[in-house]
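# Results of the structural survey
The residues making up each chain are set out below.
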Amino acid sequence: MLERSGIALPCAAGAHLVRHSLATQLVAQRRPINEIADLLGHRSIDTTAM
């Protein structure tokens, strides 16, 4: 999927890196933590807060 979208990642990278990068950007934009948790599909805000 990432290759089809034109996103080039190192061999060690994957979906986790993309999800973490998204969450990091949303935190930098001061989005509410519960919104980020919902977007990532986390059941607990504690998981997102890590």
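Above this text is the structure in question.
In short, a report on the structure. (Residues numbered from 1 in each chain as written. Predicted model: local features only at pLDDT ≥ 70, side-chain atom pairs only at ≥ 80, totals over all residues. Heavy atoms only, no water.)

## Let's talk about the overall build of the protein
Secondary structure assignment for the protein yields 3 helices and 0 strands. Mapped from its N terminus to its C terminus, the protein presents α and β elements in the order α-α-α. The proportion of buried residues among the 50 residues of the protein is 12%. Accessible surface for the protein amounts to roughly 4,400 Å². Of this, 57% is attributable to carbon and sulfur atoms. (Helix = DSSP H or I, 4+ residues; strand = E, 2+ residues; numbered from the N terminus. Buried < 20%, exposed > 50% of the residue type's maximum accessible area, 1.4 Å probe, protein only. Areas by Shrake-Rupley, 256 points an atom, 1.4 Å probe, with all protein chains shown as cover.)

## Focus on unusual backbone geometry
Of note in this structure, arginine 30 is not a glycine but carries a positive phi near 60°. You can see arginine 30 is positioned in the loop between helix H1 (15-28) and helix H2 (33-40). On the basis of relative accessibility, which here comes to 76%, the residue arginine 30 falls in the exposed class.

## Details of the environment of leucine 22
Along the chain, leucine 22 turns up in helix H1. You can call leucine 22 partly exposed: its relative accessible area is 33%.

## Quick look at H1
Along its 14 residues, H1 runs 20 Å from first to last C-alpha, staying within 8% of the 20 Å computed at 1.5 Å per residue. Arginine 30 sits one or two positions beyond H1 and adopts a positive phi of about 60°. (Expected span 1.5 Å × (residues − 1).)

## Description of H2
Listed as buried for H2 are Ile36, Ala37 and Leu40. In a view along the axis of H2, the buried residues occupy a sector of 100°, so they form one face of it. Turned more than 90 degrees away from the buried face of H2 sit Asp38 and Leu39, all of them exposed. Contacts from the buried residues of H2 go to H1 and helix H3 (45-49). (Arc of directions from axis to C-beta. Contact = heavy atoms within 4.5 Å.)

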